[in-house]
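Results of the structural survey
One letter stands for each residue in the lines below.
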Amino acid sequence: MNATRIIAVRHGETAWNVDTRIQGHLDIPLNDTGLWQARQLARALADEPLAAIYTSDLQRAQATAQAVADATGAPLTPETALRERSFGALQGRTFAEIETALPEQALRWRKRDPHFAPEGGESLTALRERINATVHRLAARHPGEQVVLVPHGGVLDVLYRLATGQEIQAPRTWQLANAAINRLLWTPQGLSLVGWADTQHLDHAARDEATA
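The present account deals with the structure reproduced in this document. All residue numbers refer to positions counted from 1 along the written sequence of the respective chain. Reporting in this predicted model follows two pLDDT cut-offs: at least 70 for local features of residues, and 80 or more for side-chain atom pairs to be given and counted; totals over whole chains, interfaces and linings ignore these cut-offs and use all residues. Side-chain numbers come from the whole structure's heavy atoms, not from hydrogens or water.

Another aspect to go through is the overall build of the protein chain. When helices and strands are counted, the protein chain shows eight helices and six strands. In DSSP terms, a helix is any run of H or I states spanning at least four residues, a strand is any run of E spanning at least two, and both are numbered starting from the N terminus. Ordered by position in the sequence, the α and β elements of the protein chain form the string β-α-α-β-α-β-α-α-α-β-α-β-β-α. Oriented by its inertia axes, the alpha-carbon framework of the protein chain measures out at about 50 × 45 × 25 Å. The buried label goes to any residue with under 20% of its type's maximum accessible area, the exposed label to any with over 50%, and the partly exposed label to all in between, with areas taken from a 1.4 Å probe on protein chains only. Going through the 212 residues of the protein chain one by one, you find that 50% of them count as buried. Should any heavy atoms of two residues lie within 4.5 Å, those residues are considered in contact. When contacts within the protein chain are restricted to residue pairs at least 6 apart in sequence, long-range pairs at least 24 apart make up 69% of them. Exposure was quantified through the Shrake-Rupley algorithm and a 1.4 Å probe, taking into account, for residues, occlusion by the shown protein chains and nothing else. Of the roughly 9800 Å² that the protein chain leaves accessible, carbon and sulfur atoms contribute 48%. Looking at charge distribution, the protein chain has the averaged site of its 21 positive side-chain charges lying 4 Å from that of its 24 negative ones. Under this rule, positive means Lys or Arg and negative means Asp or Glu; His and the chain ends count for nothing. Charge positions come from single atoms, namely NZ of Lys, CZ of Arg, CG of Asp or CD of Glu.

Keep in mind that these numbers describe shape and distance, not what the molecule does.
Here you go:
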């Protein structure tokens, strides 16, 4: 079976990203920077051969993915299973607010307790299982082809861990930048890492040129 090439991209920036406010499953739109990032991403991927684009159904991801679809002509499919980790009752709060109001939960979160799930939310273990199953299901449809996935920061974190063998509770030492280009290879045996956190299309020179 031929490998499937995956370009995985976190959605563009939102106002809540800037405020460090937990979005989770809340449907927050891109801000002006995020819309610009989506356009730059689309330009960077315009000449890539793409069989399909799969996106989280939340609007910050869908808007980012739509820009790529418009530039490439690749079919776009929303996938609820590519949503961010659900943070339940913690959604809508900033990190600082959680540390002040719920220090015990903040500590378990900060220590990456794999079994900690906020009230009404999802544990890291459950997130990993969801994303592992989803990427296998989607990639298996496209042997020998290239696809784009547009999910969220927590999902990208899991993809990196799956591709590099990092434990779910291991400290993060890699970037999860908005609209960065990350490349993976999928076979039925699993994921491997090709390239990570490419932001050349988002550098200051490109932005100055685009907004001149």
